[in-house]
Amino acid sequence: QVQLVESGGGLVQAGGSLRLSCAASGRIFSTQTMTWYRQPPGKQRELVAAITSGGSTNYADSVKGRFTISRDNAKNTVYLQMNSLKPEDTAVYYCNVNLRRTGFILGDDYWGQGTQVTVSS
């Protein structure tokens, strides 16, 4: 069984910073692409940032230059450093990890429980 536990959300003023973490635990053989999504109130879930196993990154245009995604493979953890936060960044943030479980040939996607980020103006 695999669990993804997110932390680091909260309430912050515009211009402030937060750092989200998402740690995967269980019988994990390897992790592949790790991704952060967010779902603003009343809107659809959208991709924020992704990082491959090799360290290549991809960002939504709306967060480029403000957010940084990183990973610690030894800890099966992905981070999202969010700087210069804006009210429009308010959303529930979810991590998604594509990983291969020990004893399995194929990988699968797993989701975190979500963490609320609220940016006040």
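Please refer to the structure higher up on the page.
Residues numbered from 1 in each chain as written. Predicted model: local features only at pLDDT ≥ 70, side-chain atom pairs only at ≥ 80, totals over all residues. Heavy atoms only, no water.

Draft legend 1. Up close: the pattern of salt bridges. Following the criterion strictly, the structure yields 4 salt bridges and no others. Put simply, Asp61 and Lys64 hold a salt bridge, and the shortest N to O gap is 3.1 Å. On the accessibility criterion, Lys64 (49% relative accessible area) is partly exposed. Bridged by salt links that share partners, the residues Arg38, Glu46, Arg66 and Asp89 form one connected network. (Salt bridge = Lys/Arg side-chain N within 4 Å of Asp/Glu carboxyl O. Buried < 20%, exposed > 50% of the residue type's maximum accessible area, 1.4 Å probe, protein only.)

Draft legend 2. Examining unusual backbone geometry more closely. Despite not being glycine, Asn76 shows a phi value in the positive range, around 50 degrees. With respect to the helices and strands, the residue Asn76 is situated in the loop between strand S7 (67-72) and strand S8 (77-82). Positioned with a positive phi, Ser84 is a non-glycine residue whose angle comes to about 50 degrees. As for its placement among the helices and strands, Ser84 is situated in the loop between S8 and strand S9 (91-101). Judged by its relative accessible area of 41%, Ser84 falls in the partly exposed class. (Helix = DSSP H or I, 4+ residues; strand = E, 2+ residues; numbered from the N terminus.)

Draft legend 3. Geometry of the sheet that holds S7. With antiparallel pairing, 4 strands are arranged side by side in an open sheet as S1-S3-S8-S7. Only two strands of the sheet have a single partner each, and these edge strands are strand S1 (2-7) and S7. Each neighbouring strand pair of the sheet contributes to a mean axis angle of 15 degrees, computed without reference to strand direction. Judged from the 6 bridges that link them, S1 and strand S3 (residues 18-26) form a sheet pairing that is antiparallel. Considered in S3, the bridge of Gln3 is made with Ser25. (Pairing = 2+ DSSP bridges. Axes fitted to C-alpha atoms, helices over the stretch in contact; angles between N-to-C directions.)

Without other data, these values stay purely geometric and don't point to any function.
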